[in-house]
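Listed here are the chains, written in short residue letters.
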Amino acid sequence: MLAKTGLLIVSNPKQIANLLGSVKTQVKNTLYVQLLSALSEPLGNFCPKSLNTWHKFSPTIHGIYSQAARQCSDLDVRVLLSGIKFNVPKIHTQNPIDLVIFDKKYTKAEIDQFITTRIENLTKEYNVITLESNEEVNMENNTLFSDKIYKHSVLGGTFDRLHTAHKLLLSEVVLSSSKQVTVGVTEENMLSTKTLWELIEDIDVRINHVKDFLEDICPEMEYDIVPISDPFGPSIVDPSMELIVVSKETVRGGEKINTIRKERNLPLLDILPIELMDEPNPSPIEEAKISSSTTRIRLLGTLLKPVEQKDIPKSPYVIGLTGGVASGKSGVATHMENLGAQIVNCDLIAHELYKIGKPCYKKIVGHFGKKVVAENGEIDRKVLGGIVFTDKDELNALNELVWPAIAEEVLTIISSSKAKVIVVEGAVLLTAGWQNMCHEVWTTVIPRAEAISRLETRNGLTEEQATSRIDSQPSNKFYVQSSNVVFSTLWPVEYTKQQVIKAWNLLTERIPA
């Protein structure tokens, strides 16, 4: 059985690659890493403290996080810094330790002495193992590390779904500071240009994750984690700040901050650029460096929100597929049909209900008049669309006429179906309340600009008409917050297919037999 939380005691960081590869088979959630060289007199004389200034640990910590990204990306790896910065003799972690792992053999007496005198917050039934490795990796990198110590340092970022690159930057700002660290976390108004911004965690969640990490790796420091609504935050107003830590890709942002500080007669900040880590196995649509964008891309097709138990028949299992206009719902539905699902297209049902003699025809003509009737006597959907997508009241009126009839027809199809999985495809599924007859809701999203472009090309609309239609529907954020699974059809069709296959495979694991 995997331990929930592990503590890896490292005597030789150059062997970390193989160690982490072995540890991932022993630990499920969190792995703390304690460098023996960061503790005074650890394990007798086995590993004397050799690095006596904080900044000299930077290459080692960079190397550990780089190897963690390669070897055990699913583990929450945290390199402890209290011993490095404050010569704290005891290891204390927020999460209780279930498993203590040594990277070389020691006597039982040495291990017992170390555990008794050095480790706090152990679970009652903790275990101890030894994992040895003779293979070393080069821990050198091209990052320039500061050899100065600053009282107050600052760092900014989105910090969505805290990953190893975030942990590296946060560790560097802690290592460089003797007293205070300020971290600015970007608010939602600054996120709309980011890939899949709709999947970014709420700011309170991101702030709490940053705070949790910092207070875990080095609780002795003073932290100020603040939301920022512009690219600069407190870095352009606080005279006590001395250093800003940035990635090499954002050095110009640090220079811009200094330009503003100079204009305001504030002391300039030293700028410490950190080389971010390469993504071990990026796909063609993912970024070369480890990033939150790649993390969000990999969430597509996974279960993002627990499935709510509803008082509806367990079989057939009904998926509500929704999303904004031109977001690629039909393409996703086709992939699901190829995997064995029965598709119920609410738009096609509406088409039928609009026909002469059908339930909605007389109601629509009665409300909107003869202007929505084509020469052949049928409802002219283009004319009708031009009316309702520019007048919210008229759109609501149309919905009240047709939504109940569509829902009734869908329920009839579901009740008579022999399929194991039914997909109810409908743009208005959520606003119409049809999710109540579905076990899960799946959503497709694309950026606003892409949706407008598709409408212009596909439907022959002007930019103004396309924009009006987009603005008449709920936001992508609304769709995402209301859904269990999310897809994006922004990239070539093969990547959409991969998302759907992933979602389908996960679905088959959780639906009733």
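Residues numbered from 1 in each chain as written. Predicted model: local features only at pLDDT ≥ 70, side-chain atom pairs only at ≥ 80, totals over all residues. Heavy atoms only, no water.

What to know about the overall build of the chain
The number of helices and strands found in the chain is 17 helices and 15 strands. Dimensions of the chain along its principal axes, counting C-alpha atoms only, are 95 × 60 × 35 Å. Taking all 513 residues of the chain together, 50% fall into the buried category. When the accessible surface of the chain is summed, it comes to about 24600 Å², and 50% of that surface belongs to carbon and sulfur atoms. For the chain, the distance from the average site of its 55 positive side-chain charges to the average site of its 63 negative ones is 1 Å. (Helix = DSSP H or I, 4+ residues; strand = E, 2+ residues; numbered from the N terminus. Buried < 20%, exposed > 50% of the residue type's maximum accessible area, 1.4 Å probe, protein only. Areas by Shrake-Rupley, 256 points an atom, 1.4 Å probe, with all protein chains shown as cover. Lys, Arg positive; Asp, Glu negative; His and termini not counted. Charge placed at Lys NZ, Arg CZ, Asp CG, Glu CD.)

Concerning the packing of aromatic side chains
Under the counting rule described, the total for this entry stands at five aromatic pairs. An angle of 75° between the planes, with centres 5.7 Å apart, marks the rings of phenylalanine 102 and tyrosine 106 as edge-to-face. Tyrosine 106 matches phenylalanine 102 in its accessibility class, with the two residues each being buried. Judged by centre distance (6.4 Å) and plane angle (70°), the ring pair of tryptophan 403 and tryptophan 434 falls under edge-to-face. Highlighted residues: tryptophan 403 in helix H13 (residues 392-416) and tryptophan 434 in the loop between strand S13 (421-425) and strand S14 (440-445), separated in sequence by 31 residues. Taken as a pair, tryptophan 403 and tryptophan 434 share a single burial class, namely buried. (Phe/Tyr/Trp six-rings, centres within 6.5 Å; stacked < 30°, edge-to-face > 60°.)

Digging into helix H2 (residues 58-71)
Given a rise of 1.5 Å per residue, 14 residues ought to cover 20 Å, and the 20 Å separating the end C-alpha atoms of H2 matches this to within 8%. Burial of H2 is extensive: 11 of the 14 residues sit out of reach of the surface. Every buried residue of H2 is listed here: Ser58, Thr60, Ile61, His62, Gly63, Ile64, Tyr65, Ser66, Gln67, Ala68 and Ala69. At its buried positions, H2 is contacted by helix H1 (16-23), strand S2 (27-35), strand S3 (76-79), helix H3 (82-86), helix H5 (164-175) and helix H6 (203-217). (Expected span 1.5 Å × (residues − 1). Contact = heavy atoms within 4.5 Å.)

Some words on the sheet that holds strand S4 (residues 97-102)
A sheet is described by the order of its strands in space; here five strands give the open sequence S3-S2-S1-S4-S5, paired in parallel fashion. Every other strand in the sheet has two partners, leaving S3 and strand S5 (122-130) as the edge strands with one partner each. Strand-to-strand, the axes of this sheet are offset by a mean angle of 20°, without reference to chain direction. Bridge count for S2 against S3 is four bridges, and the pairing is parallel. Each bridged residue has a counterpart across the sheet, and for leucine 31 the counterpart in S3 is valine 77. Sitting on the sheet, H1 touches strand S1 (3-10), S2 and S4, and the angle it makes with S1 is about 160°. (Pairing = 2+ DSSP bridges. Axes fitted to C-alpha atoms, helices over the stretch in contact; angles between N-to-C directions.)

Focus: the confidence of the model for the chain
The predicted model of the chain has a mean per-residue pLDDT of 91, with 95% of residues at 70 or higher. Low pLDDT, under 50, characterises residues 44-52; the predicted model gives this stretch 15 contacts beyond four residues in sequence or across chains. (pLDDT = per-residue confidence, 0-100.)

Points about the pattern of salt bridges
Evaluated as defined, the whole model comprises 19 salt bridges. Arginine 78 serves as the salt-bridge partner of aspartate 76, at 3.0 Å between the closest nitrogen and oxygen. We classify arginine 78 as buried; its relative accessible area is 6%. Salt-bridge contacts for glutamate 279 lead to arginine 298; the nearest nitrogen and oxygen are separated by 3.1 Å. Placement of the pair is glutamate 279 in the loop between strand S10 (270-274) and helix H8 (292-299) and arginine 298 in helix H8, with a sequence separation of 19 residues. Relative accessible area serves as the criterion here: at 37%, arginine 298 is assigned to the partly exposed category. Look at the salt bridges and you will find they share partners, linking Asp76, Arg78, Lys167, Asp212 and Asp216 into a network. (Salt bridge = Lys/Arg side-chain N within 4 Å of Asp/Glu carboxyl O.)

Overview of the sheet that holds strand S15 (residues 485-488)
Taking strand neighbours across the sheet as the criterion, the five strands line up as S12-S13-S11-S14-S15 in an open arrangement whose pairing is parallel. Pairing within the sheet leaves two strands with one partner each, and these edge strands are strand S12 (342-345) and S15. Along the sheet, successive strands turn relative to each other by an average axial angle of 25°, direction set aside. Pairing analysis gives four bridges linking S14 to S15, with the strands arranged parallel.

Thoughts on the nonpolar core
With 58 residues, the main nonpolar core has Leu31, Leu81, Leu170, Val183 and Leu214 as its most contacted residues. The element best represented in this core is H5, accounting for seven residues. Once you skip the residues sitting within four places of it in the chain, leucine 214 turns out to touch Leu170, Val174, Val183, Pro219, Tyr223 and Ile225. If you look at the next biggest cluster of nonpolar residues, it comprises 37 residues, including Ile364, Leu398, Ala407 and Tyr479. (Core = buried A, V, L, I, M, F, W, Y, C linked by side-chain atoms within 4.5 Å.)

Let's talk about the packing of H1 against H2
Across the interface, H1 lies against H2 with an axial gap of 9 Å and an inter-helix angle of 40°. Regarding the angle of H1 to H2, the classification is oblique. Here H1 runs over H2; the crossing is right-handed. Contact with H1, carried on its side by Ile16, Ala17, Leu20 and Gly21, involves Ile64, Gln67, Ala68 and Gln71 of H2 and no other residues of that element. Of the residues contributing to the contact of H1 with H2, the split by class is five nonpolar, three polar and no charged. (Parallel < 35°, antiparallel > 145°, perpendicular 65-115°, else oblique. Left-handed = near helix turned anticlockwise from the far one by under 90°. Nonpolar A, V, L, I, M, F, W, Y, C, P; charged D, E, K, R; others polar.)

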